[in-house]
Amino acid sequence: MKFFIVGSGGREHTLVWALRRSPLVKKIYSATTNAGIRSQTIPANLSGSGIESIVDFAVGEKIDLVVIGPEQPLVEGLADALVRRGIPVFGPVQKAAMLEGSKAFSKEFMARHRIPAARSRTAETAEEAFSLIDDGEFGFPVVIKADGLAAGKGVVIASDAAEARKAIADFMVERTLGGAGNRLVVEECLVGRELSYLVLSDGHSYTAMPVAQDHKRAFDDDKGPNTGGMGTFSTPGLIDHELERTIRNLIVEPSLNAALSDGFPFKGVLYCGLMLTAEGPKVLEYNVRFGDPETQVILRRLDSDFAEIALAVAHGRLDQVRPAWSGDSATCVVLASEGYPGSYPSGRVINGIEDAEAIDGALVFHAGTKLDDSGRVVTSGGRVLGVTARATTLELASELAYKAAGRIHFEGMHFRKDIGRMKASN
Ligand code: AMP
Ligand code: GLY
């Protein structure tokens, strides 16, 4: 069968790796310069950069499944456009993708379906937002969220009215995030431990994936600025059965049922970003795709055929497959460029990837790399590589991931030293 992967980061390289392990997969096409993905896929000659060029390619090549990694094309309606032309797709249609694409939409959805979440109000204008702050309805700290996609830059936790007013002015008056700040959500600040709970759904049935813990801050001990994710780990027993049951009963099932009854059965990955509060788990946000770098550890624990699962999701027969998840653990250490998450150089030569992968259980996924004119693998992003290892215990997986990371070098490279070594963090 022929597959097409949309996206260009570490998550997508991991998806390609997982697909290639399947005997069902004969060809995978991609249109990215990511050196890891390029080495494992066939370059797709697209006629342009928009959605239509992907659809035309998929139709022309009679692609059996398009796997969409990132949120942006989902929110732009790529899945709808493919389905209209008869191409099976792994990823939700636009209406469902709005659960991530619009915070106002997702808050209204959760409120209407009584899914536990922070109390909030949506403001259409800066005046409305300022008055919500002046009324002090949510106390302080208060959370200000831009409505649209903002690549992780759309949420401000403001400790007082001045900070809140500044965030509102930035988003709505200065328009620092462009159209993503046309509307704002103002909400109460929840306190607790954060947890990502991801499920696969074909619109009718669903199956949960193992829980992965992300480390979002740039430096050890959760210090420094927020990033896209500096590493992850996944190990059995991260949450207990009782909590898992609560999350499924109060959040996952009501969300999927609500999507169905609202007319947009959810197909793909529903990623519930949760806060475990004293009153129970509450939704912070939905994402409508795999997490990055959560995918790197979650899929390393999959012992079943991912292509078969992805096809079952697309064709609405997920109830006929039973993914087997390993009792092993996995750790992913992200190697980042000098200066990341601020501005960073690119084009730095990367050495040692093969040596790293010679370590038993280690695999390196490319996030921000490309080939230079002489065919060398060089950096081309903030997060450059995800060095993963799978082993019988979390301690061993982390040890092996760090041993592998130690064999890789590029100028200015930095990474956290405590991934998988502290449990309850973010
Ligand atoms: P979101 O994009 O909505 O997940 O927000 C990004 C991050 O902001 C989350 O991972 C949380 O750490 C934090 N956050 C979002 N909403 C809240 C909230 N209501 N209370 C506390 N923290 C929040
Ligand atoms: N690692 C967080 C995300 O993918 O949204």
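Here goes a summary of the coordinates provided. (Residues numbered from 1 in each chain as written. Chains lettered and ligands numbered in written order. Predicted model: local features only at pLDDT ≥ 70, side-chain atom pairs only at ≥ 80, totals over all residues. Heavy atoms only, no water.)

## Topic: the overall build of the chain
Broken down by element type, the chain carries 14 helices and 22 strands. Along the first, second and third principal axes, the C-alpha atoms of the chain reach 60 × 45 × 45 Å. Residues classed as buried in the chain amount to 57% of the 426 residues present. Summarising the internal contacts of the chain: among those between residues at least 6 apart in sequence, 68% fall at separations of at least 24. Accessible area of the chain: about 17,500 Å², with a carbon and sulfur share of 48%. One finds the centroid of the 47 positive side-chain charges in the chain at a distance of 3 Å from the centroid of its 54 negative side-chain charges. (Helix = DSSP H or I, 4+ residues; strand = E, 2+ residues; numbered from the N terminus. Buried < 20%, exposed > 50% of the residue type's maximum accessible area, 1.4 Å probe, protein only. Contact = heavy atoms within 4.5 Å. Areas by Shrake-Rupley, 256 points an atom, 1.4 Å probe, with all protein chains shown as cover. Lys, Arg positive; Asp, Glu negative; His and termini not counted. Charge placed at Lys NZ, Arg CZ, Asp CG, Glu CD.)

## A short note on the site of ligand 1
The full set close to ligand 1 counts 15 residues, and Glu187, Glu188, Leu190, Glu194 and Glu285 are the nearest of them. Note that an oxygen atom of ligand 1 is positioned 3.1 Å from one of the side-chain N or O atoms of lysine 103. Between ligand 1 and the protein, one listed contact pairs a nitrogen atom with a side-chain N or O atom of glutamate 187 at 2.7 Å. In the complex, the protein chains occlude 84% of the 470 Å² of accessible area that ligand 1 would expose alone. (Near = heavy atom within 4 Å. Polar contact = N/O pair within 3.5 Å; in protein donor to acceptor, adjacent residues only side chain to side chain.)

## Examining the site of ligand 2
Asp214, Gly228, Tyr271, Asn287, Arg289, Gly291, Asp292 and Glu294 make up every residue found near ligand 2. Take aspartate 292: an N or O atom from its main chain is 2.9 Å from an oxygen atom of ligand 2. Glutamate 294 is positioned with one of its side-chain polar atoms (N or O) 2.8 Å from a nitrogen atom of ligand 2. Protein coverage of the free-state accessible area of ligand 2, which is 190 Å², stands at 87%.

## Some points on the packing of aromatic side chains
Considering all chains together, one arrives at 12 aromatic pairs under this definition. Note on tyrosine 29 and phenylalanine 57: the rings are 5.3 Å apart at their centroids and 70 degrees apart in plane angle, and the pair reads as edge-to-face. You can see tyrosine 29 sitting in strand E2 (residues 27-30) and its partner phenylalanine 57 sitting in helix H3 (residues 51-60), a full 28 residues away along the chain. Each member of the pair tyrosine 29 and phenylalanine 57 is classed as buried. Taking 6.0 Å as the distance between ring centres and 70 degrees as the angle between the ring planes, the aromatic pair formed by phenylalanine 90 and phenylalanine 306 counts as edge-to-face. With phenylalanine 90 in strand E5 (residues 89-90) and phenylalanine 306 in helix H12 (residues 306-315), the pair connects residues that are 216 residues apart, well separated along the chain. (Phe/Tyr/Trp six-rings, centres within 6.5 Å; stacked < 30°, edge-to-face > 60°.)

## Considerations on the side chain of arginine 301
With respect to the secondary-structure elements, arginine 301 resides in the loop between helix H11 (294-298) and H12. Buried and without a salt bridge, arginine 301 has aspartate 328 as its closest oppositely charged side chain, separated by 7.5 Å. Within polar-contact distance, the side chain of arginine 301 engages the side chain of serine 234 at 2.8 Å. With residues near it in sequence (within four places) discarded, arginine 301 still touches Pro210, Ser234, Thr235, Pro236, Ala324, Trp325, Ser326, Gly327, Asp328, Ser329, Ala330 and Arg390. (Salt bridge = Lys/Arg side-chain N within 4 Å of Asp/Glu carboxyl O.)

## Here's the deal with helix H6 (residues 94-101)
For H6, the complete set of buried residues consists of Ala96, Ala97, Leu99, Glu100 and Gly101. Summarising the contacts, the buried residues of H6 are in contact with helix H4 (71-75), helix H7 (103-112), strand E16 (267-277) and strand E17 (280-287).

## Overview of the environment of aspartate 202
Tracing the backbone shows aspartate 202 in strand E10 (residues 193-202). In this structure the C-alpha to C-alpha distance between aspartate 202 and isoleucine 309, which are 107 residues apart in sequence, comes to 9.9 Å. Within the structure, the side chain of aspartate 202 is placed 2.9 Å from the backbone nitrogen of histidine 204, a separation counted as a polar contact. In this structure the side chain of aspartate 202 is engaged in a polar contact, spanning 3.3 Å, whose partner is the backbone nitrogen of arginine 317.

## Considering the sheet that holds strand E6 (residues 120-123)
Reading across from one edge, E6-E9-E7-E8 is the order of the 4 strands in this open sheet, with antiparallel pairing throughout. Where the open sheet ends on each side, the last strands, each with one partner, are E6 and strand E8 (155-158). The average undirected angle you get between the axes of adjacent strands in this sheet is 20 degrees. Note: strand E7 (residues 142-146) against strand E9 (residues 184-188), 5 bridges, orientation antiparallel. Looking across to E9, one finds that valine 143 is bridged to glutamate 187. Each of E6, E7 and E9 touches H7; the most contacted strand, E9, lies at about 50 degrees to it. (Pairing = 2+ DSSP bridges. Axes fitted to C-alpha atoms, helices over the stretch in contact; angles between N-to-C directions.)

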